[in-house]
Structures are given as structure tokens and as C-alpha cells.
Amino acid sequence: ARIAKKQRNWQPLIPFVPSLKTIDSISPGGRYAVGYALFQLGELDSAIQILDATIEGSDWYAQARYTIAITHVREKRLPSALDELDHILNLSPNTTVITEVQQWAHLSKARILFELDDLTAATESYQAINRESVHFAESVYELAQTQVRYAQGLTNPGDKRKAYTR
């Protein structure tokens, strides 16, 4: 599963899907790799089941939770995805991996909220991304789109003018 992830080629794993679904004893990194492989192969419920058993506090926990969140997005279960992203954002950012995954979580949460037309909450999530993050430029661009959508939704011309000038 780790080799498939590195090569971004999931097809060789297809014959092993039944075996991958039943692996019990596996390291947290191996569990993440198997869960991510199942996600890539479209075995979404199995991916969630494998990833959900990742031990909190392990180096792979935040990444496993993030993959669960994007699995929920893929299945259009946006409230569950938002709950999962909030869980990630509440983790103690005591490693660079967790900090990076939290930046992904902010960006993903903002995008979901934008699609749900919760522009105020989307704005807050975009603004939570650190300036040092590799995602900062992307978040600023998407924040601008959020502000334009917000302004377009206003009906009072004075409010619209204020929204476009802030």
C-alpha cells in the first residue's frame, strides 16, 4: 500500500482488496497506508473502518482523520466531514505533521462552508490559515472569491459598495 501511494498507482492492489479489509494487527503507518489505498480504490466504508482504528497520539492519527473527512466529502456527508475537520482542528499542534494537516483542514472546511453558502464561517476558516503555510496564497485567492460572493448577495447598494471596498 505504501509503494502504491508513492507511485500513485492503485491498480496492483485490486486483487488484494478482500485481504486489506480484514487486516487486524498493523502499525499506525501501515493502517494509514491501507486505509488510504482503500479510499483510492473506492472502498470508502472499508477505508473509514481501517482509518478509524488509528491510535490517537500516533504520528499518523491526524492524516487518518483527514482521510476520513475527505471520504465523507466524497460521499456527500458534509456534516460528518465538518465534524471530522473540527476534530482535527482541536488536536494539539505538537508536531509539524499535525500543524500541516490542520492547515489542510482549515482549507477543506472553508471550501465546504463556501459550497454550503455559509460565507461568514468560510471566511473565518480561510483567515485561520497561517501566513507561513504553503496554502496561504491559495486561501487568500479563495477568500477573495468568498467576499465577492458575499457582496453579490447583498441587495442594498450601499452595503454592496462597503463590501467591495473592505
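These remarks concern the structure in this document. (Residues numbered from 1 in each chain as written. Predicted model: local features only at pLDDT ≥ 70, side-chain atom pairs only at ≥ 80, totals over all residues. Heavy atoms only, no water.)

## Points about the overall build of the protein chain
Move 1: Per the secondary structure count, the protein chain includes 10 helices and zero strands.
Move 2: From first element to last, N terminus to C terminus, the protein chain shows the α and β order α-α-α-α-α-α-α-α-α-α.
Move 3: Overall, the C-alpha framework of the protein chain stretches about 65 × 30 × 25 Å when taken along its three principal axes.
Move 4: When contacts within the protein chain are restricted to residue pairs at least 6 apart in sequence, long-range pairs at least 24 apart make up 47% of them.
Move 5: Of the roughly 9,700 Å² of accessible surface on the protein chain, 52% is carried by carbon and sulfur atoms. (Helix = DSSP H or I, 4+ residues; strand = E, 2+ residues; numbered from the N terminus. Contact = heavy atoms within 4.5 Å. Areas by Shrake-Rupley, 256 points an atom, 1.4 Å probe, with all protein chains shown as cover.)

## So, the environment of Leu78
Move 1: Within the element layout of this structure, Leu78 appears in helix α6 (residues 78-89).
Move 2: Considered as a pair, Leu78 and Leu113 are 35 residues apart in the sequence and their alpha carbons are 9.2 Å apart.
Move 3: Discounting residues that sit within four places of it in the chain, Leu78 has contacts with Val73, Ile112 and Leu116.

## A closer look at helix α5 (residues 61-74)
Move 1: For α5, which comprises 14 residues, the first-to-last C-alpha distance of 20 Å matches the rise-based estimate of 20 Å (1.5 Å per residue) to within 8%.
Move 2: Of all 14 residues that make up α5, 11 are buried, and the element is covered over most of its length.
Move 3: Within α5, the full set of buried residues consists of Tyr61, Ala62, Gln63, Ala64, Arg65, Tyr66, Thr67, Ile68, Ala69, Thr71 and His72.
Move 4: Along its buried surface, α5 packs onto α3 (28-40), α4 (44-52), α6 and α7 (96-115).
Move 5: Among the residues trailing α5, Lys76 stands out with phi positive, at a value near 65°. (Expected span 1.5 Å × (residues − 1). Buried < 20%, exposed > 50% of the residue type's maximum accessible area, 1.4 Å probe, protein only.)

## Details of the environment of Asp86
Move 1: Following the sequence through the fold, Asp86 ends up in helix α6.
Move 2: Residue Asp86 is classed as partly exposed on the basis of its relative accessible area of 28%.
Move 3: Residues Asp86 and Lys109, spaced 23 residues apart in sequence, show a C-alpha to C-alpha distance of 8.2 Å.

## Quick notes on the packing of aromatic side chains
Move 1: Here the structure, examined in full by the defined rule, presents four aromatic pairs.
Move 2: One aromatic cluster in this structure is built from Tyr32, Tyr36, Phe39 and Trp60.
Move 3: One cation-aromatic arrangement involves Arg74 over Phe39; the distance from NZ or CZ to the ring centre is 4.2 Å.
Move 4: The residue whose ring lies beneath Arg149 is Phe114, and the NZ or CZ to ring-centre distance is 3.9 Å. (Phe/Tyr/Trp six-rings, centres within 6.5 Å; stacked < 30°, edge-to-face > 60°. Lys NZ or Arg CZ within 6 Å of the ring centre and 35° of its normal.)

## A few points about the nonpolar core
Move 1: Residues Leu85, Ile88 and Tyr126 are the most contacted members of the largest nonpolar core, which totals 22 residues.
Move 2: Aside from chain neighbours lying at most four places away, what touches Tyr126 is Leu107, Ala110, Arg111, Ser139, Glu142, Leu143 and Thr146.
Move 3: Formed by 12 residues, the second largest nonpolar core is a distinct cluster that contains Val34, Leu38, Ile48 and Ile68. (Core = buried A, V, L, I, M, F, W, Y, C linked by side-chain atoms within 4.5 Å.)

## Here's the deal with the packing of α3 against α4
Move 1: Where α3 contacts α4, the axes come no closer than 7 Å and their chain directions differ by 165°. Taken together, α3 and α4 sit at an angle that is classed as roughly antiparallel. Like other packed secondary-structure pairs, α3 and α4 cross with a definite hand, here left-handed. On α4, the residues touching Arg31, Tyr32, Val34, Gly35, Tyr36, Leu38 and Phe39 of α3 are Leu44, Ser46, Ala47, Ile50 and Leu51.
Move 2: For the contact of α3 with α4, a count of residues per class yields nine nonpolar, two polar and one charged. (Axes fitted to C-alpha atoms, helices over the stretch in contact; angles between N-to-C directions. Parallel < 35°, antiparallel > 145°, perpendicular 65-115°, else oblique. Left-handed = near helix turned anticlockwise from the far one by under 90°. Nonpolar A, V, L, I, M, F, W, Y, C, P; charged D, E, K, R; others polar.)

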